[in-house]
Structure formats: C-alpha cells, structure tokens
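Spelled out from the first residue to the last, the chains are:
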Amino acid sequence: MTSAAPDKGYEPAAPEEGYERGLGSRQVQMIAIGGAIGVGLFMGAGANIAKAGPSIILMYALAGVVIFFIMRALGELLLYRRSTGSFAEYIREFLGPFFGYATGWTYWLLWVVTGMAELTAAAIYINFWFPSIPQWVSALVFLVLLFGVNLISVKVFGEVEFWFSMVKVTAIIGMIVIGLGVLTLGFSDAGDTAAVSNLWSHGGFFPNGIGDSLMTLQGVMFAYIAVELVGVTASESEDPERTLPKAINTLPWRIIIFYVGALLVLLAVVKWTEFSAGESPFVHGFSKIGIPFAAGIVNFVVLTAALSSCNSGMYSTGRMLRDLATSGEGPRIFARLNIRKSPAIGITFSVLLMGIGVVLNYVVPEKAFTYVTSVATAAGIWSWLMILFAHIRYRRAFRAGRLPASSFPAPGGSFFSWVAVVFLLIVTCMVAYDKDARVSLYVGAGWAVCLVIGWYVLKARGGAQPLGASGTAEPERVSK
C-alpha cells in the first residue's frame, strides 16, 4: 500500500453539485443508534450464545471498544474537511485512487449482499403471522416499498429510518426494564430460576473455553456493520460539525445499553444453555418469561430491524456508486441526481441486484444466510481497515504540517487506530479458521480479481483518475 502523502492540492467535487442537506440532528442521531442495533443482535446472538455462553457479553464489549476506535478515526477524517461524498473519498485521498475505488465497490457489495439477506429474513418473519403468503411475495413487496422511500428524497429516508430505529431502541429498553423486573421482583414464569448467578453457574463464564469464545468475534463483528453509515450521511447532514461528534461520542453508551446491558439481563433471566442457533434469543427469552404475545412483539421488532438494515443499504449503495462515478471509477451514469437530488440510477441498479435475493428464496439452502453474513463481515472488515489506514496517513500528514487539524481529533492520535488494525487482522484469521465462514475469503479472493480487472479496464478506457503529484486522484466535477 504505497502512495505519496497527500497535500493541500486535493479537491473534492463541488459542493453545489452535491446532495440535499436534508438530514437533521434528530435523524442523524437515530440513524447512528439504529446502525448499532440490527439482526446481528436480534438473531445472530443466539448462535453466539450457544458457542460462548455468558462470555459472549465480553466479546460484544471488546468488539464495541474497537468499533469506537474506528468511528473516532472516521470522525476525525470527516471533520478535517467537509466531504461531498462518502468516506471512500478520504481513502482515495490518503491511500490512492485504487484503494478508494476498491473500498467504494466493496462497501457497495456489502450492502447489496446484506440487502439480499435482510429481504429474505423479513419475508421469513412475515410468515410468522401469514404462513400462507409465499416468501418471495413478501420479499418483493418490501423491496419495492423501500425502493420508493429511497427515491422520493433523503428527508423521507431519514424519517423512515428514524422510526425504524425508534422501534428498535424502545424494544431493547423495554426488554431490559422487564428483565430487571423479573430479577428484582421475581414475577413471571421465569422468576424462580432468574438470577444473576446464571452468568457463571452453568459451566462458568467461559463454559466452552476462551478459544471458542474468541471464535465468536467474527459473528459479533457482523452485528456492528452499519455504524460507519454516519460517514455516508455526512454529506447530507444539516450541521455535521455538531451532529457527527455527538453521534460518534454516544456510541459507547449505545453499545453498553443495547448490547452489553441487554445480554446481561437476558442471560441472567434465562440460563445460556437454553439458547441455540436459528432462533432469536429475545423471542425465546420472552417466551420463558411468559408475557402474552411476546413472540409476536419481538418478531415485529426483528422485522423492523431487517427492514431498517435493507433501507440503509439502499441509501448507502446509491451514494457509493455516485461517489465512484464522480471519481471516474464507475459508469458516469451513476453520477446523475434526480430532481430531488437523489442518486436514483445508482439506487435502481443496486435494487435490481438485491432482487436476486427474491428469486433465490426458493433455492437458498439453510447455510446460505451464514455464508452471506460472512461475506458481509469480510467486506466490512476491509472497509474498516481502509478507514483506519487513511486516518493513520492523515495523522502523519498533519504532524508534518501538510494538512490542517480536524475539529474532532481522535484520542491518542493514530495509536488506537493501530490497535484496531491488529484486532481486525486477528478476526480475519479467525474467519479463515472457521470452515463455514471461510467461504467469505474465497468470495473475497474472487472479488479482488474482479476489482483488479475492472481497474485496468477503467484505465484502458481513460476512466480511472491518474495519480496527481500528491499521489491522490483528482475527482472529476460532474454536472447534474
């Protein structure tokens, strides 16, 4: 990974050619909160609990600390200068055009693949209430509805995502409060067996050993994919200098409450040996408590989480494609905005590919969801690594006096970015060790070949931006 250090000659696309700044503080805050609560918690935690027992709480906390380091690194980049595109713009600036190109397309792939999985999950959740409705019909309906939301305007997207996030947040807080009531007051069917001692009484805190607990980190990291979406919303925030630091700095509290807190209470109320893969631990836990309609209520929340993730994915893919197009790293047609300043063509292209998930609803085997989430995790790790390396390069240039200071500096400079890099590389090794998750590395290798071929095709056609004197690309100014 070599390129000359950036200088002040790098200029992003003209702000007046950018998006509508239609996301207010309320919406950015809830998008940030919603990004930290998804299917990875509501569904994925079941398999992780079965593998790690109560120690899964520590794994979510450990991963959460690293995610905070990544977000502070991204925050410093976002506020060192205003971005008119996605966070890939900073990667292009500090690591060179190829890495910006590769990260943009990889992040786009992440959300397309995740969108397929979430649509399928949402259709399965609908079958809970309406088993007679074919799964592909539900998936198609959700695909069309969310597509319309993203085409209308960023304000409508922000409002829909706000309420999706509100449902998730309210549900998690409600679960914690009810669980604490069971523990302290002893009511409900689980009152006789609910106790804090459940966290260590059934084989200890690490019942299957520390090694098995660490192996769950790959699944845990999937739960945190989407927190970096704040870096995509930056260009459409009304007041990013105020809203972005607040959204990022409250991340530790969100992790403590929504992950550590929720799992602490859940595993104290119901012993960990009763949870298994393939079911939501929260649905199972509330069934044990005996609350009427608990399964239906939690199923609605899980459905909301899936739709929220798919909604965010459509939003993100359109912005990533436009960023690639304005940098000469993708088809120019994706650079166009519609009358509402939405990248409609890029969103439409992404939605058509997500529609493959609708077709596959009849033929996808049981392990397909595991494979898809593994691919998404691998793509997420690549994106996070690129953010961290870009931050490290920025700090180097800042210390040398070549770039101005950010209004939101990361604590410890680049030290914690290096810590996060090492952690992510360790998780990658764990993915390689796991026979089911290992498929993501095979897919990643094939994707890397496609990216390299695409890069040379772009260069041959004159589309890829040449390196300037600073080692960065000169983004092309694109008219509407």
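All figures in this text were calculated on a predicted structure; none of them were measured in a lab.

Definitions and cut-offs
Residues numbered from 1 in each chain as written. Predicted model: local features only at pLDDT ≥ 70, side-chain atom pairs only at ≥ 80, totals over all residues. Heavy atoms only, no water. Helix = DSSP H or I, 4+ residues; strand = E, 2+ residues; numbered from the N terminus. Buried < 20%, exposed > 50% of the residue type's maximum accessible area, 1.4 Å probe, protein only. Contact = heavy atoms within 4.5 Å. 1 Å grid on protein atoms, 1.4 Å probe; cavity = no way out; pocket = protein on both sides within 12 Å on 5 of 7 lines; lining within 4 Å. Points joined across faces, edges and corners; volume = space filled by probe spheres on them. Nonpolar A, V, L, I, M, F, W, Y, C, P; charged D, E, K, R; others polar. Phe/Tyr/Trp six-rings, centres within 6.5 Å; stacked < 30°, edge-to-face > 60°. Arc of directions from axis to C-beta. Lys, Arg positive; Asp, Glu negative; His and termini not counted. Salt bridge = Lys/Arg side-chain N within 4 Å of Asp/Glu carboxyl O. Patch = residues over 30% accessible without salt bridge, like charges linked within 9 Å, V, L, I, M, F, W, Y side chains within 5 Å. Areas by Shrake-Rupley, 256 points an atom, 1.4 Å probe, with all protein chains shown as cover. Core = buried A, V, L, I, M, F, W, Y, C linked by side-chain atoms within 4.5 Å. Axes fitted to C-alpha atoms, helices over the stretch in contact; angles between N-to-C directions. Expected span 1.5 Å × (residues − 1). Parallel < 35°, antiparallel > 145°, perpendicular 65-115°, else oblique. Left-handed = near helix turned anticlockwise from the far one by under 90°.

From N to C terminus, the protein includes 20 helices and zero strands. Relative to its 480 residues, the protein shows a buried fraction of 58%. Within the protein, contacts between residues at least 6 apart in sequence are counted, and of these 83% link residues at least 24 apart.

To continue, consider the layout of surface pockets. Space inside the second largest pocket adds up to approximately 460 Å³. Taken together, 22 residues line the second largest pocket, and the ones lying closest to its centre are Thr106, Ala378, Ala379, Trp382 and Gly444. Mapped onto the lining of the second largest pocket, the elements with two or more residues apiece are α6 (97-129), α18 (368-399), α19 (415-433) and α20 (439-460). Taken together, the residues of the lining of the second largest pocket break down into 18 nonpolar, four polar and no charged.

This part is about the environment of Val439. On the secondary structure map, Val439 appears in helix α20. For the pair Val439 and Val375, spaced 64 residues apart in sequence, the C-alpha to C-alpha distance is 7.7 Å.

What the rule picks out here adds up to 21 aromatic pairs. Ring centres of Tyr224 and Tyr259 lie 4.8 Å apart, and the angle between their planes is 40°; on these two criteria the pair is classed as tilted. Taken together, the residues span a long stretch of sequence, with Tyr224 in helix α10 (residues 217-224) and Tyr259 in helix α13 (residues 251-269) at a distance of 35 residues. An identical accessibility class is assigned to Tyr224 and Tyr259; each is buried. Here Phe389 and Trp418 contribute two aromatic rings whose centre-to-centre distance is 6.2 Å and whose plane-to-plane angle is 80°, an arrangement assigned as edge-to-face. Of this pair, Phe389 sits in helix α18 while Trp418 sits in helix α19, placing them 29 residues apart in sequence. On the basis of relative accessible area, Trp418 is assigned to the partly exposed category, the value being 41%. Grouping aromatic residues by their ring pairs yields a cluster made of Tyr80, Tyr90, Phe94, Tyr394 and Phe398.

A separate point is helix α16 (residues 344-354). Of the positions making up α16, those classed as buried are Ala344, Gly346, Ile347, Ser350, Val351 and Met354. In a view along the axis of α16, the buried residues occupy a sector of 160°, so they form one face of it. In the core, the buried residues of α16 are packed alongside α6, α7 (135-152), α15 (294-326) and α17 (356-359).

For Arg72, the location among the structural elements is in helix α4 (residues 56-78). For the buried residue Arg72, which engages in no salt bridge, the nearest side chain bearing the opposite charge is Glu76, 7.0 Å off. Those residues in contact with Arg72, other than ones at most four positions away along the chain, are Ile248, Asn249, Phe408, Pro409, Ala410 and Pro411.

Attention now moves to a nonpolar patch on the surface. Taken together, the side chains of Ile173, Val177, Trp253, Ile256 and Ile257 define a hydrophobic patch exposed on the protein surface, amounting to about 500 Å² of accessible area. Those elements that provide at least two residues to the nonpolar patch are α8 (154-185) and α13. Broken down by element, the residue count for the nonpolar patch peaks at three residues, all from α13. The residue Ile257 is located in helix α13 in this model.

All right, on to the pattern of salt bridges then. Taken as a whole and assessed by the stated rule, the structure comprises four salt bridges. Between Arg81 and Glu89 there is a salt bridge, with the nearest N and O atoms lying 2.7 Å from each other. An identical accessibility class is assigned to Arg81 and Glu89; each is buried. The network of salt bridges with common partners includes Arg81, Glu89 and Glu93.

This brings us to the nonpolar core. Ranked by internal contacts, the top residues of the largest apolar core, which has 135 residues, are Ile56, Tyr60, Ile67 and Leu424. In this structure Leu424 touches Ile70, Met221, Ile381, Trp384, Leu385 and Leu388, once residues within four positions along its chain are discounted.

Attention shifts here to the packing of helix α5 (residues 88-95) against α15. Put simply, α5 and α15 touch, their axes get as near as 10 Å, and they point 35° apart. Note on element contacts: α15 touches α5 through Met320, Asp323 and Leu324, opposite Ala88, Glu89 and Arg92. Looking at the contact of α5 with α15 residue by residue, the class counts come to three nonpolar, no polar and three charged.

We now examine α19. The first and last C-alpha atoms of α19 sit 28 Å apart over 19 residues, in line with the 27 Å expected at 1.5 Å per residue. Listed in full, the buried residues belonging to α19 are Ser417, Ala420, Val421, Phe423, Leu424, Val427, Met430 and Val431.

This brings us to the packing of α4 against α10. In the contact formed by α4 and α10, the axes pass within 10 Å of each other and the chain directions differ by 55°. Classified by the interaxial angle, the pair formed by α4 and α10 is oblique. As for the relative orientation of α4 and α10, their crossing is right-handed in sense. Mapping the contact onto sequence places Ile56, Met59, Tyr60, Ala63, Gly64 and Ile67 in α4 and Leu217, Val220, Met221, Ala223 and Tyr224 in α10.

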